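Coordinate analysis (summary)
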There are 2 protein chains.
Amino acid sequence: MGRCSLLLLLLLIAFLTPGAANPVSPSLRAPSSLPWSTSFRSRPTITLKYSIRYIQQKVDHFGFNIDRTFKQRYLIADNYWKEDGGSILFYTGNEGDIIWFCNNTGFMWDIAEEMKAMLVFAEHRYYGESLPFGADSFSDSRHLNFLTTEQALADFAKLIRYLKRTIPGARNQPVIALGGSYGGMLAAWFRMKYPHLVVGALASSAPIWQFNDLVPCDIFMKIVTTDFSQSGPNCSESIRRSWDAINRLAKKGPGLRWLSEALHLCTPLTKSQDVQRLKDWISETWVNVAMVDYPYESNFLQPLPAWPVKVVCQYFKYSNVPDTVMVQNIFQALNVYYNYSGQAKCLNVSETATSSLGVLGWSYQACTEMVMPTCSDGVDDMFEPHSWNMKEYSDDCFKQWGVRPRPSWIPTMYGGKNISSHTNIIFSNGELDPWSGGGVTKDITDTLLAIVIPNGAHHLDLRASNALDPVSVQLTRSLEVKYMKQWISDFYVRLRKMN
Amino acid sequence: MGRCSLLLLLLLIAFLTPGAANPVSPSLRAPSSLPWSTSFRSRPTITLKYSIRYIQQKVDHFGFNIDRTFKQRYLIADNYWKEDGGSILFYTGNEGDIIWFCNNTGFMWDIAEEMKAMLVFAEHRYYGESLPFGADSFSDSRHLNFLTTEQALADFAKLIRYLKRTIPGARNQPVIALGGSYGGMLAAWFRMKYPHLVVGALASSAPIWQFNDLVPCDIFMKIVTTDFSQSGPNCSESIRRSWDAINRLAKKGPGLRWLSEALHLCTPLTKSQDVQRLKDWISETWVNVAMVDYPYESNFLQPLPAWPVKVVCQYFKYSNVPDTVMVQNIFQALNVYYNYSGQAKCLNVSETATSSLGVLGWSYQACTEMVMPTCSDGVDDMFEPHSWNMKEYSDDCFKQWGVRPRPSWIPTMYGGKNISSHTNIIFSNGELDPWSGGGVTKDITDTLLAIVIPNGAHHLDLRASNALDPVSVQLTRSLEVKYMKQWISDFYVRLRKMN
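Worth saying up front: this structure is predicted, and the values here are computed from it rather than measured.

1. Notes on the sheet that holds strand 5 (residues 87-92) of chain A
All names here are of chain A. Taken in spatial order, the 8 strands line up as 3-4-6-5-7-8-11-12 in an open sheet, and their pairing is mixed. In the strand order of this sheet, the two ends are held by strand 3 (51-58) and strand 12 (448-453), each with one partner. With direction set aside, neighbouring strand axes in the sheet form an average angle of 20°. Strand direction decides the pairing type here: strand 5 and strand 7 (residues 175-180), joined by 4 bridges, are parallel. Considered in strand 7, the bridge of Y91 is made with L178. Sheet strands in contact with helix 5 (residues 182-193) are strand 5, strand 7, strand 8 (200-204) and strand 11 (425-430), and its direction is about 150° off that of strand 7. Sitting on the sheet, helix 15 (residues 471-498) touches strand 5, strand 7, strand 8, strand 11 and strand 12, and the angle it makes with strand 12 is about 165°.

In structure tokens form, the structure reads like this:
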């Protein structure tokens, strides 16, 4: 497995929450439909406002030699907050701009009134505006040294203590951590490591076991494949065959030029490595479509139709077609993802390697703590075979960042599968979500609960309620609210006992 | 409060477990009675042997820029270990040489057979032989940057995983963390942060609440005073008056010379600052005597008689004596502590500032994370008034180490008084121990248990059993064994369920 495979893996991993590593060129987006705004319309009749604030954080919580601080951004909304019997819902920000996450976590807005909740969205250090060394933050491994989950959790801890100290009425209120994807891991880990600061955590689509050998490395690609095979006849089989079609065409004389034109690539393929890159990019696209296979028109990664995997699969009904037809079908399918708005002039393969902050930060995290092995075999999944080679992965990380990953650190720190002594964590996973393979999908104890959403994609439950939501996700949200209310009520019972 | 008071505080704190900051000159010790040896005789008929081993540890577990490793020392004894139904008792080493702690933790040796236990004693980084940068470890704040509780706990975590991976039969065995004093805090915190690695913790004399404003800063000196007032008539009152006696004499013409001679000081007092230093040293001595007020002849800090506070108090029966008589009495009392062996030629005031590794390391820790406020008022305690001044403390730390303490960090990290969501920790405290004021002395839940030993000094329960042990400590040890056996049995029940 060479450089390209590493890139594929890094990028797949970066897509954990796609916002951070969004490979989509702005020119391909419908600007008016982007969710970047300072207010969020959760229901036609309710517009919730937040204010943007900053807190000074130590760059290094775990060492005293560097006493420098930086500004961490957070958002706060208290329209529905009640001092009496209220709560604080704390979003543990993940690998991207916090405003984007805020606007894509409608669930918190939807339940704010019912929970009498103050909403807080904390930005993860090294993402968005929360850059410990400003523009130099990504310049080398010395500046990146403070980008770890432990530092991020410590930021959250300090922020919660600060809010409780400074907001009148907040001191004796229960806090609940919520997060999705990598942010869901952080929510769960935050409850595990700082149970004195949060009474519980909702960890949505959090693959806390996608580390080391806790789950098989092929589980991720298998789930993507299942999504496709269930979304249309011959769909996964066609995609499985599509790689060889590309390979055969690429080997022909004018093959690269033909492929470039058939796929409307902005930059034509010129050498054989470009073909691997093309296939990696297409693979990543199918992975992304599976992750955001929502039941309604949405705009998370991209403006997309409802059930986008089904729409993509309409172009893969026939697996036994000539190679040129196959490639034309791939183009149509790619268009579902990259050009639903109809404004794209061409498709940009190199956009997956954009130098947005999210990509850089996550690429570093994937090369240090967040080593999440994935592999494919082309038999039980629809992708070309890629083995997981830790040695090569490590060497590539060293070349790229000057650091070596420590793949067993996360299980050492956060317990791997042995987490039963913790309490009050909900792990929700959509069955369509490839990351559910590394998630907790069975109850561990009666307070470490798993909810599986049969028709759900990546953290569907955290999104705003929608008329097209399947019953399963409606039930999931009700359950989540029920458990969270229980934690809050337990908190107030304990508080009354103490006073 | 000036430099001297800071020194006093730092040294008091360093005395948490006195071995690390032992202010006693080797020349005043009876060398033959020192506990440094490679075997421990727990009972006249049993000699337990351990082997000394090393593990490579990352210097920085929480950052990837420095990938350097160092050798952490640990001791292992498996004479009584049984693969079938056995356990691993893991001593979370504190601020000193691990062999010394090993030899002073007879309790573990005494119960090894009954618990079918492997004993492991892990040395704390930056102490003993476990120096991350060898001789340079204490050279500046850059080299000291990795001396934190979090790094130490991570060392323990890695060591336990390594032992389980490499010792046949150890993998499916329950581990219990044990420690005393600062090591007791580490044992408790280790269970809180790594409950997947240890089924429980015995935290003996662990003042986990001696931080910030969790307990009043004068509680420590009050307990010392109570010890003295209960150990002889007029004892604490005499000591309370002794400071002014010294002050008055020091002000007279030949006062410094007279004091130097009357106290047989190795280095005569020459300036007024020396008098403050003398009083700090005497204060520390009384604190130490209170800490090791064991019911039998012992040799922990020093060779000492049984109930040394009582013996000291024999020289403080009369509080209304001329100043010169008072000083002569102080000398006799100091001799109990510094010259029980009868071999001291003079008393060395500067020995408390010895540059042994333990003192350096702990002084740094006291200037960073381990900020444990103490104060005295001379009314409710027998010491001269010293307020707690965080600003001056911080400035002095900055002068000494180039770092500033973060006094609220430990409560942020480890929960302060809000630790009820954790389980399986025994907090034992001797009522005579000044550090019990910052300890957990009431049950928090039915698995966070407090045991108070009425006649116990500093972690008496961890010492080898002795014919002169009061019934209270015998009962304490039985209870501790009972709880630990329960944790072990619970572990095996869970294990059987899983298989």
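Following the structure, the description resumes.
2. Details of unusual backbone geometry
All names here are of chain A. Phi at K116 is positive, roughly 45°, even though this residue is not glycine. Tracing the chain through its elements places K116 in the loop between helix 3 (106-111) and strand 6 (117-122). Looking at K116, the relative accessible area reads 35%, which means it is partly exposed.

3. Remarks on the sheet that holds strand 4 (residues 69-77) of chain B
Within a sheet, neighbouring strands are paired by backbone hydrogen bonds and run either parallel or antiparallel to one another. Residues and elements named next belong to chain B. Strand order in this open sheet of 8 strands is 3-4-6-5-7-8-11-12, and the pairing throughout is mixed. Each edge of the open sheet carries a strand with a single partner, namely strand 3 (51-58) and strand 12 (448-453). Taken over all neighbouring pairs, the strand axes of this sheet differ in orientation by 20° on average, direction set aside. Bridge count for strand 5 (residues 87-92) against strand 6 (residues 117-122) is 6 bridges, and the pairing is parallel. Following the sheet pairing, T92 is matched in strand 6 by A122. Across the sheet, helix 15 (residues 471-498) is in contact with strand 5, strand 7 (175-180), strand 8 (200-204), strand 11 (425-430) and strand 12; its angle to strand 12 comes to roughly 165°.

4. A few points about the pattern of salt bridges
All names here are of chain A. Applying the stated criterion across every chain, the model contains 36 salt bridges over all chains. Here E114 ties to K485 by a salt bridge, and the two come within 2.9 Å at their closest N and O atoms. Here E114 is found in the loop between helix 3 and strand 6, whereas its partner K485 is found in helix 15, with 371 residues between them in sequence. For K485, a relative accessible area of 35% puts it in the partly exposed group. Taken together, the shared-partner salt bridges in this structure form one network comprising R73, D97, E123 and E129.

5. Points about the relation of the copies chain B and chain A
Superposing chain B onto chain A takes a rotation of 180° combined with a translation of 0.0 Å along the rotation axis, leaving an RMSD of 0.0 Å. Seen this way, the second copy is the image of the first under a two-fold rotation axis. In terms of C-alpha distance to the rotation axis, chain B has K193(B) as its closest residue, with the C-alpha 2.9 Å off the axis. A shared interface surface links the copies, since 100% of the contact residues of chain B are contact residues in chain A too.

6. Some words on the interface of chain B and chain A
Interface size is commonly expressed as the accessible area that is lost once the parts come together. The interface is formed by 42 residues belonging to chain B together with 42 residues belonging to chain A. When chain B packs against chain A, the two sides together hide about 3,700 Å² of surface, and 53% of this comes from carbon and sulfur. If you sort the residues of chain B by the area they bury against chain A, F62(B), F64(B) and R406(B) come out on top, with a joint share of 25%. The partner of D67(B) in a salt bridge is R406(A), with the nearest N and O atoms 3.1 Å apart. At the junction of chain B with chain A, the criterion picks out 21 residue pairs in polar contact (both at pLDDT 80 or more). For the side of chain B that touches chain A, the secondary structure elements donating two or more residues are helix 4 (149-166), helix 5 (182-193) and helix 14 (409-414) of chain B. Partitioned by chemical class, the residues of the side of chain B that touches chain A number 15 nonpolar, 15 polar and 12 charged.

7. A few points about the environment of S130(A)
Residue and element names in this part refer to chain A. Position of S130 relative to the elements: it lies in the loop between strand 6 and helix 4 (149-166). For the pair formed by S130 and Q57, sequence separation is 73 residues and the distance between their alpha carbons is 9.8 Å. S130 has contacts with F70, K71, Q72, R73, E123, H124 and R125, leaving out every residue within four places of it along the chain. Among the polar contacts listed, one links the side chain of S130 to the backbone nitrogen of R73, at a separation of 2.9 Å.

8. Digging into the packing of aromatic side chains
Two aromatic rings, taken as a pair, are described by how far apart their centres are and by the angle between their planes. All names here are of chain A. Evaluation of the coordinates by the stated rule reveals 51 aromatic pairs over all chains. Centroid distance F90 to F156: 5.7 Å. Interplanar angle 75°. Geometry classified as edge-to-face. Of this pair, F90 sits in strand 5 while F156 sits in helix 4, placing them 66 residues apart in sequence. Neither F90 nor F156 differs from the other in exposure class; each is buried. Note on W189 and F211: the rings are 6.3 Å apart at their centroids and 50° apart in plane angle, and the pair reads as tilted. Here W189, found in helix 5, pairs with F211, found in the loop between strand 8 and helix 6 (219-229); they are 22 residues apart in sequence, far enough to count as distant.

9. Quick word on the state of the cysteines
All names here are of chain A. Counted according to the given criterion, the structure contains 8 disulfides over all chains. The partner cysteine of C217 in its disulfide is C375, sulfur to sulfur 2.1 Å. Disulfide C217-C375: torsion about the S-S bond near 90°, hence right-handed. Of this pair, C217 sits in the loop between strand 8 and helix 6 while C375 sits in the loop between helix 12 (357-366) and helix 13 (390-401), and the two are 158 residues apart along the sequence.

10. Considerations on the domain arrangement of chain A
Residues and elements named next belong to chain A. Considered domain by domain, chain A is made up of domain 1 (51-208 + 419-496) and domain 2 (217-390 + 397-403). On a C-alpha basis, the centres of domain 1 and domain 2 stand 31 Å from each other. Applying the counting rule to domain 1 against domain 2 returns 0 salt bridges. On inspection of domain 1 and its partner domain 2, the count reaches 9 residue pairs in polar contact (both at pLDDT 80 or more). Listing elements by their share of the side of domain 1 that touches domain 2, those giving two or more residues are helix 4 and helix 5. Broken down by element, the residue count for the side of domain 1 that touches domain 2 peaks at 3 residues, all from helix 5. For the side of domain 1 that touches domain 2, the class distribution of residues is 18 nonpolar, 13 polar and 6 charged.

Conventions adopted
Residues numbered from 1 in each chain as written. Chains lettered and ligands numbered in written order. Predicted model: local features only at pLDDT ≥ 70, side-chain atom pairs only at ≥ 80, totals over all residues. Heavy atoms only, no water. Pairing = 2+ DSSP bridges. Helix = DSSP H or I, 4+ residues; strand = E, 2+ residues; numbered from the N terminus. Axes fitted to C-alpha atoms, helices over the stretch in contact; angles between N-to-C directions. Contact = heavy atoms within 4.5 Å. Buried < 20%, exposed > 50% of the residue type's maximum accessible area, 1.4 Å probe, protein only. Salt bridge = Lys/Arg side-chain N within 4 Å of Asp/Glu carboxyl O. Least-squares fit on C-alpha atoms with pLDDT ≥ 70 in both. Buried area = accessible area lost by both parts, 1.4 Å probe. Polar contact = N/O pair within 3.5 Å; in protein donor to acceptor, adjacent residues only side chain to side chain. Nonpolar A, V, L, I, M, F, W, Y, C, P; charged D, E, K, R; others polar. Phe/Tyr/Trp six-rings, centres within 6.5 Å; stacked < 30°, edge-to-face > 60°. Disulfide = S-S within 2.5 Å. Domains from an automatic or database assignment.

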